[in-house]
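Descriptive structure summary
Below are the chains, spelled out letter by letter.
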Amino acid sequence: QVQLVESGGGLVQPGGSLKLSCAASGFTFSTYAMSWYRQAPGKERELVATISSNGHLTNYADSAKDRFSISRDNAKNTVYLQMNSLKSEDTAVYFCTKRDGPTYNSGVNYWGQGTQVTVSS
């Protein structure tokens with residue numbers, strides 16, 4: 001069965017960095033696009049970034065552009081989210097998701113359990 005296991009969340013000061021990882025299993029990882037979403041308390045879930053199956057195409061929310069970077073290692077079945085210059089408004093639970101096609105314009109069909117990121121001094 002499909003499993004998506006996030007790690008790397010935690011508490012970081014404003015301006016700091018974190019790198020999230022998502023280990024995937026149960027499907028042919030290199031065939032599918034992957035996305036990171038986040039949900040802050042009291043807010044709707046937000047798409048943060050997407051990477052195509054071959055890693056050549058990426059898309060970012062305006063809030064993540066120039067600060068976040070999504071990448072993947074298809075040999076390790078892992079997708080990453082490097083987050084720099086973190087702000088308090090980045091505080092949220094971050095979810096790794098599998099899309100049902102090779103690019104960003106496909107739906108999401110699996111979600112991880114999420115990892116908490118808290119940006120606070």
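In what follows, the structure referred to is the one given above.
First things first, this report covers the structure right here in the doc.

Procedures and definitions
- Residues numbered from 1 in each chain as written.
- Predicted model: local features only at pLDDT ≥ 70, side-chain atom pairs only at ≥ 80, totals over all residues.
- Heavy atoms only, no water.
- Core = buried A, V, L, I, M, F, W, Y, C linked by side-chain atoms within 4.5 Å.
- Buried < 20%, exposed > 50% of the residue type's maximum accessible area, 1.4 Å probe, protein only.
- Helix = DSSP H or I, 4+ residues; strand = E, 2+ residues; numbered from the N terminus.
- Contact = heavy atoms within 4.5 Å.
- Salt bridge = Lys/Arg side-chain N within 4 Å of Asp/Glu carboxyl O.

1. A few points about the nonpolar core
Formed by 26 residues in total, the largest nonpolar core has its most connected members in Trp-36, Val-79, Leu-81, Met-83 and Tyr-94. Those elements that provide at least two residues to this core are strand E3 (18–25), strand E4 (34–39), strand E5 (46–51), strand E7 (68–73), strand E8 (78–83), strand E9 (92–99) and strand E11 (115–119). Top element by residues in this core is E3. It accounts for four residues.

2. Points about the side chain of Asp-90
Within the element layout of this structure, Asp-90 appears in the loop between E8 and E9. The buried category is assigned to Asp-90, whose relative accessible area is 0%. Here Asp-90 is in contact with Arg-38, Arg-67, Phe-68, Ser-85, Val-117 and Val-119, once residues within four sequence places are set aside.

3. A closer look at the pattern of salt bridges
Pairing between side chains of opposite charge can happen when the charged atoms of each approach one another. Inspection of the entire model under this criterion finds four salt bridges. Asp-62 is paired through a salt bridge with Lys-65; the nearest N and O atoms lie 3.3 Å apart. Classification of Asp-62 as exposed rests on a relative accessible area of 65%. Of the charged contacts in the structure, one is a salt bridge between Asp-90 and Arg-67, with a shortest N-O distance of 2.7 Å. A residue pair is termed long-range when its members are at least 10 positions apart, and Asp-90 in the loop between E8 and E9 and Arg-67 in the loop between strand E6 (58–60) and E7 qualify at 23 residues. Each of the two residues, Asp-90 as well as Arg-67, counts as buried. Shared partners join several salt bridges into a network, and the residues in it are Arg-38, Glu-46, Arg-67 and Asp-90.

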